[in-house]
Amino acid sequence: KDIEFIRSYYYNKLELTRFSSSVGKYVGFTEYGVKNAAAWNNNPSELSAMKAQKEVYCLNNIQIKYDNAL
């Protein structure tokens, strides 16, 4: 429950857009990023796919990462 999946999109070291599993949607940080976030947030299949990434990526690998950290 303490795990958060974040996918960020950058260009020239500037963060354009971010998806956070705790927010549950895309957030834009530039004019271009806001437009992309709005388009992606209006697509239910895109949001479902990103929300599933927490289970697919994070929950399957958390034990491996935790063991390596110790």
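Structure first, text after, so check above.
Quick look at the structure, then. (Residues numbered from 1 in each chain as written. Predicted model: local features only at pLDDT ≥ 70, side-chain atom pairs only at ≥ 80, totals over all residues. Heavy atoms only, no water.)

## Digging into the pattern of salt bridges
Line of reasoning, step 1. Per the counting criterion, the structure on display carries two salt bridges.
Line of reasoning, step 2. A salt bridge links Lys 35 to Glu 31; the nearest nitrogen and oxygen atoms lie 3.7 Å apart. Placement of the pair is Lys 35 and Glu 31 together in helix H1 (residues 31-41), with a separation of four residues, close to one helical turn.
Line of reasoning, step 3. By relative accessible area, Glu 31 is classed as exposed at 62%. (Salt bridge = Lys/Arg side-chain N within 4 Å of Asp/Glu carboxyl O. Helix = DSSP H or I, 4+ residues; strand = E, 2+ residues; numbered from the N terminus. Buried < 20%, exposed > 50% of the residue type's maximum accessible area, 1.4 Å probe, protein only.)

## Notes on the nonpolar core
Line of reasoning, step 1. Core analysis: the largest hydrophobic core is formed by seven residues, namely Phe 5, Phe 19, Tyr 26, Ala 37, Leu 47, Met 50 and Cys 58.
Line of reasoning, step 2. A total of three residues in this core trace back to one element, the largest contributor, which is helix H2 (residues 44-69).
Line of reasoning, step 3. In contact with Phe 19, not counting residues within four places along its chain, are Phe 5, Ile 6, Arg 7, Gly 24, Lys 25, Tyr 26, Leu 47, Met 50 and Lys 51. (Core = buried A, V, L, I, M, F, W, Y, C linked by side-chain atoms within 4.5 Å. Contact = heavy atoms within 4.5 Å.)

## A few points about the side chain of Thr 30
Line of reasoning, step 1. Relative to the helices and strands, Thr 30 resides in the loop between strand E3 (25-28) and H1.
Line of reasoning, step 2. You can call Thr 30 buried: its relative accessible area is 16%.

## Overview of the pairing of strand E2 (residues 14-20)
Line of reasoning, step 1. With five of seven residues buried, E2 is to be regarded as a mostly interior element.
Line of reasoning, step 2. Of the strand pairs in this sheet, strand E1 (residues 6-11) and E2 are connected by six bridges, and their pairing is antiparallel. Bridged to Tyr 9 within E2 is Thr 17. (Pairing = 2+ DSSP bridges.)

## Considering the packing of aromatic side chains
Remark: the centre distance and the inter-plane angle together describe each pair of aromatic rings, the angle taken between the planes.
Line of reasoning, step 1. On inspection of all chains with the given rule, the structure shows three aromatic pairs.
Line of reasoning, step 2. Aromatic pair Tyr 9 and Trp 40: ring centres 5.3 Å apart, planes at 45 degrees, arrangement tilted. Of this pair, Tyr 9 sits in strand E1 while Trp 40 sits in helix H1; the two residues are 31 residues apart in sequence, bridging distant segments of the chain.
Line of reasoning, step 3. Take Tyr 9: its relative accessible area is 30%, and that puts it in the partly exposed class.
Line of reasoning, step 4. We classify Trp 40 as partly exposed; its relative accessible area is 26%.
Line of reasoning, step 5. Aromatic rings pair up to connect Tyr 9, Phe 19, Tyr 26 and Trp 40 into one cluster. (Phe/Tyr/Trp six-rings, centres within 6.5 Å; stacked < 30°, edge-to-face > 60°.)

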